[in-house]
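Remarks on the overall topology
Single-letter residue listing:
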Number of protein chains: 2
Amino acid sequence: MPDLSPMAKVKALAFDVFGTVVDWRGSITAEAAQIGAAHQVEADWATFADAWRDGYAPAMDKVRKGELPWMNIDSLHRLILDSILPAFGLADLDEAQREHLNHAWHRLQPWADSVEGLSRLKRCYTITTLSNGNFSLLTNMAKHAGLPWDCVISAELFGHYKPDPQAYHGTAKLLGIDISELMLVAAHPSDLRAARALGCRTAYVIRPLEFGLGHPPYEVAEGEFDLVAETFNDLAAQLDL
Amino acid sequence: MPDLSPMAKVKALAFDVFGTVVDWRGSITAEAAQIGAAHQVEADWATFADAWRDGYAPAMDKVRKGELPWMNIDSLHRLILDSILPAFGLADLDEAQREHLNHAWHRLQPWADSVEGLSRLKRCYTITTLSNGNFSLLTNMAKHAGLPWDCVISAELFGHYKPDPQAYHGTAKLLGIDISELMLVAAHPSDLRAARALGCRTAYVIRPLEFGLGHPPYEVAEGEFDLVAETFNDLAAQLDL
């Protein structure tokens, strides 16, 4: 049994978004397949989604290390997109088509339990994003997918991408709470570990299909996080909602 | 007739909050009266609300001019509160009582048309706050009053209070739009004029009871703002919603 006493102090839940709330891989695969069909190009569009996402962490790390100036995720996505389009037969996409495809990240679909679970959690907690996605991406995504956030918080507001401490500390400060009153909800242990080291509470939500079927699960130590949940509804139930 | 063609470009509506969306004077008067009753103190609590609000613009201007370091509105409200409590017979309030009263600004009540009007406007536009109130104040207020913002934007995010240009430009940038695609909705001509000078569209919503009965209306030139509305529902109707 987790020690629930620190749980009673939690006032706000901050959610990682890509993979935790929305299915980026399924959504990008579907949008790319549509564009492929329109251009009579055949390719493995799930591999295209993976290639796009694979460029994300290295590009962000370059920003974190100062090798690139601050760029938001839209700009990083676009850099990566331009670099992978030729390999998938889409070198001919014009500027408007590239921008439209780049904005597929503003239109990602939620996991089946996300909207219902968030709505339950919202009854008793302030619920916010805490994502490296830029503010407009997160705002547009929420509108498109019906995600009922109380507010939108992006690493962009702090000029520091997760797992830089500024992102977690900045979120607690904006919400007017102590970091021990903030719980990070994420499908990625690395994110949760960074938050935990700063004094955040942590909820690990397992998303076995984030990278498609057959992807090995993350290794997580017993009791490493305050809560481990299968879905947002399961998380709500564990929080007695 | 206003020229409606620039209206067609508008993608987001940014709302001033104190006085435009919520009735700060009525709400603060009611909370102060409750505390007065609990402490068996009689006073004119509307005058108390006015005195509290009167300290606001001068305090903010000191921050804008660098005479005070950056302080959020909670901190400015608290400075003013501490200075006026003795004159209203409440010098004895302890720290917890002062903090509770200071947070009355997080619990302001919306005008009767606000929630319905915002819900209508949200169907076709991104709706956000653009307030000098701090981020947590605006987030808590939205949760308390049921204000259906797509996102919360505060001058605190930019370290510049309205009418500094950074607040309006920063809002457009966060939303990923041009400033000409942003409409400021406010009950205060000074705010609207600052936004208009930067290229924002403007909607003046008249709130004749913001300062109580008998307060003279603002002087506004014919055609000075793109739209003039009596309520948010009226604004929605003028925008064909």
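Each value, and the rule that gives it
Counting restarts for each chain, with residues numbered from 1 along the sequence as it is written. Starting at A for chains and at 1 for ligands, labels are handed out in the order in which the entities are written. Residues qualify for local features only when their pLDDT is at least 70, as the model is predicted, and side-chain atom pairs are given and counted only at 80 or more; totals for whole chains, interfaces and linings, by contrast, use all residues. Note that water and hydrogens are dropped before the side-chain values are worked out from all heavy atoms of the structure. The source of the domain bounds is an automatic or database domain assignment. We call two residues in contact whenever any of their non-hydrogen atoms come within 4.5 Å of each other. Summed over both partners, the accessible area lost on bringing two parts together, with a 1.4 Å probe, is the buried area. For this document, the term salt bridge refers to a Lys or Arg side-chain nitrogen within 4 Å of an Asp or Glu carboxyl oxygen. Throughout, the ten residues Ala, Val, Leu, Ile, Met, Phe, Trp, Tyr, Cys and Pro are labelled nonpolar, Asp, Glu, Lys and Arg are labelled charged, and all others, Gly among them, are labelled polar. We superpose the copies by least squares over the C-alpha atoms of residues that have a pLDDT of at least 70 in both of them. Numbered from the N terminus, helices here are DSSP runs of H or I no shorter than four residues, and strands are runs of E no shorter than two. Type-normalised accessible area, obtained with a 1.4 Å probe on protein chains alone, sets the label of each residue: buried when under 20%, exposed when over 50%, and partly exposed for intermediate values. In protein, a polar contact requires one atom able to donate a hydrogen and another able to accept it; more generally it is a pair of N or O atoms within 3.5 Å, and residues adjacent in sequence count only if both atoms are side-chain atoms. Only the stretch in contact is used when a helix axis is fitted, and all axes are lines through C-alpha atoms; the angle between N-to-C directions ranges over 0 to 180 degrees. Angles below 35 degrees are treated as roughly parallel, those above 145 as roughly antiparallel, those between 65 and 115 as roughly perpendicular, and all remaining angles as oblique. Whether a crossing is left-handed or right-handed is set by the direction in which the near helix is turned from the far one by less than a right angle, anticlockwise for left-handed and clockwise for right-handed. Ring pairs are drawn from Phe, Tyr and Trp, using the six-membered ring of Trp, whenever the two centres fall within 6.5 Å, and their geometry is named by plane angle: stacked under 30 degrees, edge-to-face over 60, tilted for the rest.

**A look at the domain arrangement of chain A**
All names here are of chain A. According to the domain assignment, chain A consists of domain 1 (6-23 + 109-238) and domain 2 (24-106). Across the contact, 24 residues belong to domain 1 and 17 residues belong to domain 2. For the pair domain 1 and domain 2, the summed buried surface comes to about 1700 Å²; carbon and sulfur atoms form 54% of the total. If you sort the residues of domain 1 by the area they bury against domain 2, Phe18, Asp23 and Tyr161 come out on top, with a joint share of 38%. Its salt-bridge partner being Asp164, residue Arg64 comes within 2.9 Å of it at the nearest N-O pair. Here the side of domain 1 that touches domain 2 is built from residues that sort into 8 nonpolar, 11 polar and 5 charged.

**Quick notes on the relation of the copies chain A and chain B**
Least-squares fitting of chain A to chain B yields an RMSD of 0.0 Å, with the superposition described by an axial translation of 0.0 Å and a rotation of 180°. Such values leave the two copies arranged in the relation of a two-fold axis. Every residue of chain A has its C-alpha some distance from the rotation axis, and the shortest such distance is that of A:Cys151, at 2.6 Å. The overlap is high: 100% of the interface residues of chain A also sit at the interface in chain B, so the same surface is used on both sides.

**Brief notes about the side chain of A:Asn134**
All names here are of chain A. Counting through the fold element by element, Asn134 comes out in the loop between strand 2 (126-129) and helix 7 (135-145). When its relative accessible area of 1% is taken as the criterion, Asn134 is described as buried. In this structure the side chain of Asn134 is engaged in a polar contact, spanning 3.1 Å, whose partner is the side chain of Ser136. The contacts of Asn134, once residues within four sequence positions are left out, are Asn72, Ile73, Asp74, Ser154 and Glu156.

**Remarks on the packing of helix 1 (residues 24-38) of chain A against helix 2 (residues 45-54) of chain A**
Residue and element names in this part refer to chain A. Following both chains from N to C, one finds helix 1 and helix 2 inclined at 120°, their axes separated by 8 Å at the closest point. Put simply, helix 1 runs oblique to helix 2. Crossing angle aside, the handedness with which helix 1 passes helix 2 is right-handed. For the pair helix 1 and helix 2, the contacting residues are Trp24, Arg25, Ile28, Thr29, Ala32, Ala33 and Gly36 in the first and Trp45, Ala46, Phe48, Ala49, Asp50, Trp52 and Arg53 in the second. Taken together, the residues of the contact of helix 1 with helix 2 break down into 9 nonpolar, 2 polar and 3 charged.

**So, unusual backbone geometry**
All names here are of chain A. The omega angle of the peptide bond from Lys162 to Pro163 is 5°, so this bond is cis rather than trans. Along the chain, Pro163 falls in the loop between helix 7 and helix 8 (165-175). The residue Asp240 is not glycine, and still its phi comes out positive at about 65°. Among the structural elements, Asp240 can be located in the segment after helix 10 (232-238).

**Some points on the packing of aromatic side chains**
All names here are of chain A. Going through the model one piece at a time under the given rule, you end up with 26 aromatic pairs over all chains. Seen in terms of ring centroids, Phe18 and Trp105 are 5.7 Å apart; in terms of plane orientation they differ by 80°. Their pairing is edge-to-face. Note that Phe18 is positioned in the loop between strand 1 (12-15) and helix 1 and Trp105 in the loop between helix 5 (95-102) and helix 6 (114-122), a separation of 87 residues in sequence. With respect to burial, Phe18 and Trp105 carry one shared label: buried. Each residue in the set Phe18, Trp24, Trp45, Phe48, Trp52, Tyr56, Phe88, Trp105 and Phe211 is aromatic and connected to the rest through ring pairs, giving one cluster.

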